[in-house]
Protein chains: 2
Amino acid sequence: MKQSCLAPSEIESRLKAAGVQPTAQRIAIARYVLCEADHPTAEQVKSWADANFPKMSMATVYNTLNALVDAGLLKKHAFPHLNEATYDDNITEHYHLLDEKTGRVFDLDPADVKVTTKLKGVRIKEVDVFIRGSRA
Amino acid sequence: MKQSCLAPSEIESRLKAAGVQPTAQRIAIARYVLCEADHPTAEQVKSWADANFPKMSMATVYNTLNALVDAGLLKKHAFPHLNEATYDDNITEHYHLLDEKTGRVFDLDPADVKVTTKLKGVRIKEVDVFIRGSRA
DNA sequence: ATATAGGTCTTGAATCATTCTAAACAATAA
DNA sequence: TTATTGTTTAGAATGATTCAAGACCTATAT
């Protein structure tokens with residue numbers, strides 16, 4: 001489900017294009033969340049950074065993730081089964097499946113999950129669907 | 001949307017029937033959340049208690065709400081737009097609409113919101129739908 | 001090159017929701 | 001009445017996240 005990893009220079013261009021100054025920390029985090037990670041939490045980003053970057057503070061992890069979300073490169077999800085946020089590089093419309101056997105979250109294509117409403121007098125802006133279940 | 005309020009004695013029976021010892025605090029909280037409140041947070045239950053019960057600690061509010069959830073009388077929701085949990089006396093299957101104009105959450109009848117999936121190899125246990133929008 | 005200005009990063013404190021702990025307090029059963 | 005068990009309480013502890021202040025860069029203009 002993950003595209004092959006982008007070079008730092010490509011990440012840099014993406015950050016610039018989105019109006020985010022490409023610092024070393026931001027490039028490292030962006031590369032990890034956009035290319036390597038799967039629905040990581042801030043804590044997981046920090047662990048990765050501790051192992052792969054000379055020195056990074058937790059505040060920088062949060063600042064950077066927030067900056068990437070604000071720039072539209074990342075989406076922040078608050079899943080009901082976790083008390084920490086997760087970050088998703090899939091910014092197209094999609095839903096989520098929690099496999100309760102493994103605790104892993106999978107993206108669901110809107111083609112596979114349709115929501116139809118009969119609501120009147122409601123202007124719908126966004127629909128979140130979160131399915132709990134288990135995969136065979 | 002709220003049924004007319006139940007007498008304390010009726011609440012007491014309901015608690016007993018659900019296997020929850022009916023203490024004064026539990027009856028008071030249960031009556032408030034089952035009859036009066038609308039998707040309250042623990043903080044709102046505490047505020048109500050401060051105004052309507054001689055003395056109640058925050059721990060008791062949380063303990064009681066958890067007990068009611070465990071007993072199946074209440075459902076706990078973690079909505080993505082709030083960082084605190086809300087409690088819902090509607091324990092039948094239903095979905096939620098956040099009116100972004102007012103911040104209020106409305107219950108949606110499953111008859112008005114249908115979710116159909118084409119997922120294969122997935123045993124679905126529960127589906128959460130959370131719609132953001134605004135009401136006319 | 002140099003200075004300046006404006007971001008950026010770090011540490012550590014602060015905040016907020018929630019749970020834990022230990023002690024005080026019923027209520028009940030023997 | 002005493003023992004047992006469950007409940008409530010105040011306050012400490014936890015965990016996620018944000019805030020604050022100063023140190024540190026880096027881009028640009030001179």
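Residues numbered from 1 in each chain as written. Chains lettered and ligands numbered in written order. Predicted model: local features only at pLDDT ≥ 70, side-chain atom pairs only at ≥ 80, totals over all residues. Heavy atoms only, no water.

Visitor: Run through the protein's contact with DNA strand C, naming residues and quoting values.
Guide: Among the 15 residues in the neighbourhood of DNA strand C, the closest are listed as T23, R26, K55 and T60 of chain A together with Y62 of chain B. Among the atoms of DNA strand C lying within 4 Å of the protein, the sugar-phosphate backbone contributes 83%. One nitrogen or oxygen atom from the side chain of T60 of chain A is found 2.5 Å from a phosphate oxygen belonging to DNA strand C. In this structure, a phosphate oxygen belonging to DNA strand C sits 2.5 Å away from a side-chain N or O atom of Y62 of chain B. Put simply, the parts of the chain that give the surface near DNA strand C at least two residues each are α2 (24–36) and α4 (58–70) of chain A together with α4 (58–70) of chain B. The residue inventory of the surface near DNA strand C, partitioned by class, reads five nonpolar, seven polar and three charged. (Near = heavy atom within 4 Å. Polar contact = N/O pair within 3.5 Å; in protein donor to acceptor, adjacent residues only side chain to side chain. Helix = DSSP H or I, 4+ residues; strand = E, 2+ residues; numbered from the N terminus. Nonpolar A, V, L, I, M, F, W, Y, C, P; charged D, E, K, R; others polar.)

Visitor: Tell me what's going on with the sheet that holds strand β6 (residues 122–135) of chain B, and back it up with residues and numbers.
Guide: Remark on secondary structure: sheet strands pair via backbone hydrogen bonds, oriented parallel or antiparallel. Pairing within the open sheet is mixed, and its six strands lie in the order β4(A)-β3(A)-β6(A)-β6(B)-β3(B)-β4(B). The open sheet has two edge strands, β4 (104–108) of chain A together with β4 (105–108) of chain B, and neither has a second partner. The mean angle between the axes of side-by-side strands here comes to 25°, regardless of whether they run parallel or antiparallel. Direction of pairing for strand β3 (residues 95–99) of chain B relative to β6 of chain B: parallel, over a ladder of four bridges. Looking across to β6 of chain B, one finds that D99 of chain B is bridged to G133 of chain B. (Pairing = 2+ DSSP bridges. Axes fitted to C-alpha atoms, helices over the stretch in contact; angles between N-to-C directions.)

Visitor: Please give an account of the side chain of H96 of chain A that cites residues and values.
Guide: Residue and element names in this part refer to chain A. Its place among the elements puts H96 in strand β3 (residues 95–99). In this structure H96 comes out as buried when scored by relative accessible area, which is 4%. Reaching out from H96, the side chain makes a polar contact with the side chain of D88 at a distance of 3.3 Å. (Buried < 20%, exposed > 50% of the residue type's maximum accessible area, 1.4 Å probe, protein only.)

Visitor: Describe the relation of the copies chain A and chain B, and please don't skip the residues or the numbers.
Guide: When chain A is fitted to chain B, the best match, at an RMSD of 0.1 Å, comes from turning it 180° and sliding it 0.1 Å along the axis. Viewed as a symmetry operation, the transformation between the two copies matches a two-fold axis. When the interface residues of chain A are mapped onto chain B, 100% of them are again interface residues, pointing to one common binding face. (Least-squares fit on C-alpha atoms with pLDDT ≥ 70 in both. Contact = heavy atoms within 4.5 Å.)

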